[in-house]
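Residue-level listing of the chains:
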Amino acid sequence: MTKPLAGIKVVDMTHVQAGPACTQMLGFFGADVIKIEMPGSGDVTRAWLRDIDGKDSLYFTMFNGNKRSLTLNTKTPEGREILEKLIKEADVLVENFAPGAMNRMGFSWERIHNELNPRLIMASVKGYAEGHANENYKVFENVAQCSGGAAATTGFWDGPPLVSGAALGDSNSGMHLCIGILAAMQQRHNTGKGQKVAVAMQDACLNLVRIKLRDQQRLELTGRLDEYPHGELGIPLGESTPRGGNAGGGGQPGWMLKCKGAHNGTDPDDYVYFTLQANAWHKICERIGKMEWIDDPEYNTFEARRDKQFKIFEYVESLLVDMDKHQATVWAAEFDIPCGPVNSMKELAYDPSLRKLKTIVEVDHPDRGGKYLTIGSPIKFSDADIEVTRSPLLGEHTDEILKELGYSDADINRIREAKAL
Ligand code: COA
């Protein structure tokens, strides 16, 4: 079976998470991803939060599968020459250094495009977009969640802003970049020209809080946000989209309901998210045994229920005292009510369906002395089988890649002695 990106060569100058998440996805899709790393140390995450002394960390292994590693000091004359050769043969270069680092290294977009390879697509992640007032700032994940509007709209109204466990700044930016690269490759089919593709972490995060900008406008236009708990609880809305706790963001009210283990304190994750979908009202009433609410004008419209949502959620919760979240999910699904369990990381790690579908995969890594768990491609293809391969050791493919570029063993020894590898 072929792979979607078979034959595509990617020069991977990424580090930490945002860039590596992008290039790993390109690797899943079958591109030849050559990760360039500083000799001696490599991607800084190789040593972050190690679980085995002296071995590559799970941070590194989980974001750098399906790649080859080339150690190269790109600031030496020899390293510079090798990078130039790689760029001349590549389709895509991905980087997420601090603003200006590629220029300082001598590889500006202008030089790459005009002198080295006009077909190359150069893709970058930065904290802020070029031309933004903060364009020169360095940014990490949670800073992006704050700059992009996620933190201000996450959490409870009486608590501080919260960051999400999902990497809305890092991996999300990498996925946006991946989309941009694929679009630019398609455009290149028509024009024959490469282009620069840029994603700002702030923008990628903002793109996922679109609903909250919707709410900002509704708030300014109407002074109301009916699906937020504020009205019912008598909390003033203020001037900005507030933090809505676990309120449903899309338009259908919902809330997190305790199940058996959360009721009796034995399982902190025993919750379901229950949605009061408007057109499921009849079935919800049947399911919870409140037939009298079906046609009651005090309950039978979204507007009428606006100030009774918590009363309804409390009642539903009282029915879940003896059910765990999985039983509660089946109980709701029997009546077509959108409801789902709060899956813990442990449950996801061992979920048989996710294992079967290769969304959660075990990868053998002899240097770590066994297998590690990682997340495979969330995108499934009918005509391509996505295999996850282990992350490379630092410089594991240096000789192999240099030979492909035409260097002899003697050349490689000379370059190594010059400390460029
Ligand atoms: N050979 C020679 N030099 C190399 C090299 C190599 N193989 N690999 C990296 N370097 C150099 C870079 O050229 C740069 O040097 P310079 O500062 O002299 O220009 C330096 O190593 C490291 O760059 P920098 O990106 O500044 O690292 P940092 O650890 O200080 O900052 C970030 C890390 C993530 C904050 C920063 O890279 C950043 O803001 N990136 C953009 C946004 C982003 O992606 N953030 C999220 C990461 S998950």
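All figures in this text were calculated on a predicted structure; none of them were measured in a lab. Numbering of residues begins from 1 in every chain and follows the order in which that chain's sequence is written. Local features are withheld for residues below a pLDDT of 70 in this predicted model, meaning they are given only at 70 or higher, and side-chain atom pairs are given and counted only at 80 or more; totals for whole chains, interfaces and linings count all residues. Note that water and hydrogens are dropped before the side-chain values are worked out from all heavy atoms of the structure.

**Student:** Can you tell me about the site of the ligand, naming the residues and giving the values?
**Tutor:** Lining the immediate surroundings of the ligand are 24 residues, of which Leu72, Ala98, Arg104, Lys138 and Val139 lie closest. Between the ligand and leucine 72, the relevant distance is 2.8 Å, taken from a nitrogen atom to a main-chain nitrogen or oxygen of the residue. A distance of 3.0 Å separates an oxygen atom of the ligand from a polar atom in the side chain of lysine 75. In short, Shrake-Rupley with a 1.4 Å probe defines the accessible areas, and a residue's cover is counted only from the protein chains shown. Considered on its own, the ligand offers 930 Å² of accessible surface; in the complex 79% of this is hidden by protein. The way it works is that DSSP assigns letters per residue, a run of H or I at least four long becomes a helix, a run of E at least two long becomes a strand, and they are numbered from the N terminus. Looking at the shell around the ligand, the elements with two or more residues in it are helix H4 (101–105) and strand E5 (121–126). Here the element with the most residues in the shell around the ligand is H4; it accounts for three residues. Taken together, the residues of the shell around the ligand break down into 12 nonpolar, six polar and six charged. When we say a residue is near a molecule or strand, we mean one of its heavy atoms is within 4 Å of it. Pairing of N or O atoms within 3.5 Å defines a polar contact, subject to two protein rules: one partner must be a possible hydrogen donor and the other a possible acceptor, and residues neighboring in sequence count only if both atoms are side-chain atoms. Put simply, Ala, Val, Leu, Ile, Met, Phe, Trp, Tyr, Cys and Pro go in the nonpolar bin, Asp, Glu, Lys and Arg in the charged bin, and everything else, Gly too, in the polar bin.

**Student:** Describe the packing of aromatic side chains, with residues and values.
**Tutor:** Centre distance and the angle of the planes are the two values used to describe a pair of aromatic rings. Aromatic rings from Phe, Tyr and Trp, with only the six-membered ring used for Trp, were paired whenever their centres fell within 6.5 Å, and each pair was classed as stacked if the ring planes differed by under 30 degrees, edge-to-face if by over 60, and tilted otherwise. Under the definition given, this model contains 12 aromatic pairs. Consider the rings of phenylalanine 310 and phenylalanine 313, whose centres lie 6.3 Å apart with planes at 75 degrees: the pair is edge-to-face. With phenylalanine 310 and phenylalanine 313 both in helix H14 (residues 309–318) and three residues apart, the pair spans about one turn of that helix. Across the pair, phenylalanine 313 and phenylalanine 310 agree in class, each one buried. Put simply, the rings of Phe156, Trp157, Trp255, Phe310 and Phe313 pair up and form one aromatic cluster. Charge-over-ring placement is defined geometrically: NZ (Lys) or CZ (Arg) within 6 Å of the ring centre, and within 35 degrees of the ring normal. Taking the ring centre of phenylalanine 107 as reference, the NZ or CZ of arginine 111 above it sits at 5.2 Å. Relative accessibility under 20% of the residue-type maximum defines a buried residue, over 50% an exposed one, and the middle range a partly exposed one, all with a 1.4 Å probe and only protein chains included.

**Student:** Which residues make up the pattern of salt bridges, and what values do they have?
**Tutor:** Once the charged atoms of two side chains with opposite charge are near each other, the side chains can pair. By salt bridge we mean one thing: a side-chain nitrogen of Lys or Arg within 4 Å of a carboxyl oxygen of Asp or Glu. This structure, assessed with the given rule, holds 34 salt bridges. For aspartate 43, the salt bridge is made with lysine 35, and the minimal N-O distance between the two is 2.8 Å. Residues aspartate 43 and lysine 35 agree in their burial class; the two are buried. Aspartate 411 is the salt-bridge partner of arginine 414, the closest N and O atoms lying 3.8 Å from each other. Of this pair, arginine 414 and aspartate 411 both sit in helix H19 (residues 409–417), three residues apart, which is roughly one turn of that helix. A residue is classified by how much of its surface remains accessible, and aspartate 411, at 24% relative accessible area, is partly exposed. Among the charged side chains, a network of salt bridges with common partners joins Asp32, Arg68, Glu400 and Glu404.

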